[in-house]
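As a plain string of letters, each chain reads:
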Protein chains: 2
Amino acid sequence: MEQDSRLGGGSSAEGGSPPAASGARRPGGRTAKVRRAVLDATQEALAASGFHTLNMDRIAASAGVGKTTVYRRWGSPVGLVADLLDDMAEQSLPAADTGGLAGDLRANAALVLGTLTDPRMGPVFRAVIAAAACDEECARALAGFYRTRLAEWAPVGERAVARGELPAGTDPLELLRAVSAPLYYRFAVTHEQPTPADAERAVTAALVAAAAGAFAPGGADAS
Amino acid sequence: MEQDSRLGGGSSAEGGSPPAASGARRPGGRTAKVRRAVLDATQEALAASGFHTLNMDRIAASAGVGKTTVYRRWGSPVGLVADLLDDMAEQSLPAADTGGLAGDLRANAALVLGTLTDPRMGPVFRAVIAAAACDEECARALAGFYRTRLAEWAPVGERAVARGELPAGTDPLELLRAVSAPLYYRFAVTHEQPTPADAERAVTAALVAAAAGAFAPGGADAS
DNA sequence: ATCTTAACGGAACTCACGTCCCTTTAAGGG
DNA sequence: CCCTTAAAGGGACGTGAGTTCCGTTAAGAT
């Protein structure tokens, strides 16, 4: 049940420092290319037909690698998804800075909405959420992915506090979660397609709540 | 691939009117008992080890019925989950009425939080969300479940509007979704355990946003 | 250039999942 | 109470996912 090697991680193309030790690993050309091919095939398969049909044999075939390799390095479908999530977390795109909180949050909501409704990434995220609900390792990978994403956007809230747009002590992560939550709730729980109107409503509600201090400790207690 | 009969539905114990026709179905004692035993075993299995390990043979064994029967009536693990959801939707518990909107919403948030953190129902809901992300029929069943639940609580918002606590035109379902969303987001997406503090924050934010008209058409546009 | 061995790949094998066929039980109607 | 047949049950069977074994390729070091 235990895999025999650590997954590729971030050490694929440009290695920082050479290992130099005798028990040398070989993350060089071939291994990196195999990982890339397999992860691409995995994302393709998730986009096309979801998590429950993810099949190691088919992934191996469509990636053009031996199925033994896929079983050895990833072990199971959830292993594939977990490594895909680690890979996705590395590809960070910078947060917006429109000069105002409302604009920044709208940009964030638009990004989330665009991802969830994208014909390719929507199904991928649905599959990844399913995988995380099935497996603990996958759940950790997904949590790590969102931790990375949210941390990139945290400056949006911090700048707003610095500008005096929001009460001191406002939690910038909580603010971002308040924007994402309604969109993900629709997407993952009730399976309604989130709309631009939903995104706008989420931004408005988050702004009002944040201004009232709902995301700062001891702020805005309900009457 | 197609199942040969409609699932049990609501016609299990007390039938309203006898069928009387010649081409008679038989939803009588045995069939109903088999369904109950299988659905109980399914929920037990989901609570214990999640959706991806749900196995028709084991369900049949632990329900004490033939595995042919389980395959014939439910076809697959997602069929089991879909029918379980239909069954859960029927067991409706009434909404709170504390006399004030804040109290009602707190009761709703407490109910959601209690369900998601319950040692038995938490894993069941996680499994059900995974199943819905894997299968369209299951997704419809889950959407139906929440439609039922939300409709039961809608009077909370309607009464608040009638009392003048909220702007006219406020969508009561949107208000409830705003309370649930942050809790489900944590539960299903980032896999953090939702806390009473999260529930309280969700209620506070929803109240403030609703009072500002964020859930009424044309209300509270962001500055 | 040559050597060592990490990593990949092909193919046979195992066993559990799901299906099929036929028998047995009991629900509903007279 | 008996008859009809819907529905459940038992067991054999085929397929494919996952494992194992061993030969092949090429990364990294000298």
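Refer to the structure printed above.
Residues numbered from 1 in each chain as written. Chains lettered and ligands numbered in written order. Predicted model: local features only at pLDDT ≥ 70, side-chain atom pairs only at ≥ 80, totals over all residues. Heavy atoms only, no water.

With that settled, consider the packing of aromatic side chains. Within a pair of aromatic rings, the relevant descriptors are the distance that separates the centres and the angle that separates the planes. This structure, assessed with the given rule, holds 8 aromatic pairs over all chains. Residues Phe145(A) and Tyr146(A) carry aromatic rings whose centres are separated by 5.1 Å and whose planes lie at 80° to one another, so their mutual orientation is edge-to-face. Through a chain of ring-to-ring contacts, the aromatic side chains of Phe125(A), Phe145(A), Tyr146(A), Tyr184(A) and Tyr185(B) assemble into a single cluster. Looking at Arg126(A), its charged tip hangs above the ring of Phe187(A), at a distance of 4.3 Å from the centre. (Phe/Tyr/Trp six-rings, centres within 6.5 Å; stacked < 30°, edge-to-face > 60°. Lys NZ or Arg CZ within 6 Å of the ring centre and 35° of its normal.)

Below, the discussion takes up the pattern of salt bridges. All told, the structure shown has 32 salt bridges over all chains when counted by the stated rule. Where Asp198(B) meets Arg186(B), a salt bridge forms, and the shortest distance between an N and an O atom there is 3.2 Å. With Asp198(B) in helix α9 (residues 196-211) and Arg186(B) in helix α8 (residues 172-190), this pair connects stretches of sequence that are 12 residues apart. With a relative accessible area of 5%, Arg186(B) lands in the buried category. Salt bridges here are not isolated pairs; linked through shared partners, they connect Glu174(A), Arg177(A), Arg186(B), Glu192(B), Asp198(B) and Arg201(B). (Salt bridge = Lys/Arg side-chain N within 4 Å of Asp/Glu carboxyl O. Helix = DSSP H or I, 4+ residues; strand = E, 2+ residues; numbered from the N terminus. Buried < 20%, exposed > 50% of the residue type's maximum accessible area, 1.4 Å probe, protein only.)

Residues and elements named next belong to chain B. The interhelical angle for the contact between α8 and α9, taken along N-to-C directions, is 150°, at an axis separation of 9 Å. The orientation of α8 relative to α9 falls into the category roughly antiparallel. Between α8 and α9 lies a crossing of right-handed hand. In this structure, α8 contributes Leu 175, Ala 178, Val 179, Pro 182, Leu 183 and Arg 186 to the contact, and α9 contributes Asp 198, Ala 199, Arg 201, Ala 202, Val 203, Ala 206 and Ala 210. Considering only residue class, the contact of α8 with α9 consists of 10 nonpolar, no polar and 3 charged. (Axes fitted to C-alpha atoms, helices over the stretch in contact; angles between N-to-C directions. Parallel < 35°, antiparallel > 145°, perpendicular 65-115°, else oblique. Left-handed = near helix turned anticlockwise from the far one by under 90°. Contact = heavy atoms within 4.5 Å. Nonpolar A, V, L, I, M, F, W, Y, C, P; charged D, E, K, R; others polar.)

All right, on to the interface of chain B and chain A then. Contact with chain B, which involves 39 residues of that partner, is made by 39 residues of chain A. When chain B packs against chain A, the two sides together hide about 3,400 Å² of surface, and 71% of this comes from carbon and sulfur. Here chain B is connected to chain A by 6 salt bridges. The salt bridge involving Glu174(A) is made with Arg201(B); its shortest N-O contact spans 3.2 Å. Taken together, the links from chain B to chain A amount to 8 residue pairs in polar contact (both at pLDDT 80 or more). (Buried area = accessible area lost by both parts, 1.4 Å probe. Polar contact = N/O pair within 3.5 Å; in protein donor to acceptor, adjacent residues only side chain to side chain.)

The next point concerns the relation of the copies chain B and chain A. For the pair chain B and chain A, the superposition axis carries a translation of 0.0 Å, the fit reaches an RMSD of 0.0 Å, and the rotation angle comes to 180°. Accordingly, the operation relating the two chain copies is best matched by a two-fold axis. Residue Ala130(B) of chain B places its C-alpha closer to the rotation axis than any other residue of that unit, at 2.1 Å. (Least-squares fit on C-alpha atoms with pLDDT ≥ 70 in both.)

So, on to empty space enclosed by the protein. Scanning all chains against the criterion turns up 1 cavity of 30 Å³ or more. Taken as a whole, the largest cavity spans an internal volume of roughly 310 Å³. Taken together, 26 residues line the largest cavity, and the ones lying closest to its centre are Ala178(A), Pro182(A), Ala205(A), Ala178(B) and Pro182(B). Listed by contribution, the elements that provide at least two residues to the lining of the largest cavity are α8 (172-190) and α9 (196-211) of chain A together with α8 and α9 of chain B. Split by residue class, the lining of the largest cavity holds 16 nonpolar, no polar and 10 charged. (1 Å grid on protein atoms, 1.4 Å probe; cavity = no way out; pocket = protein on both sides within 12 Å on 5 of 7 lines; lining within 4 Å. Points joined across faces, edges and corners; volume = space filled by probe spheres on them.)

Read these as geometric descriptors, not functional statements.
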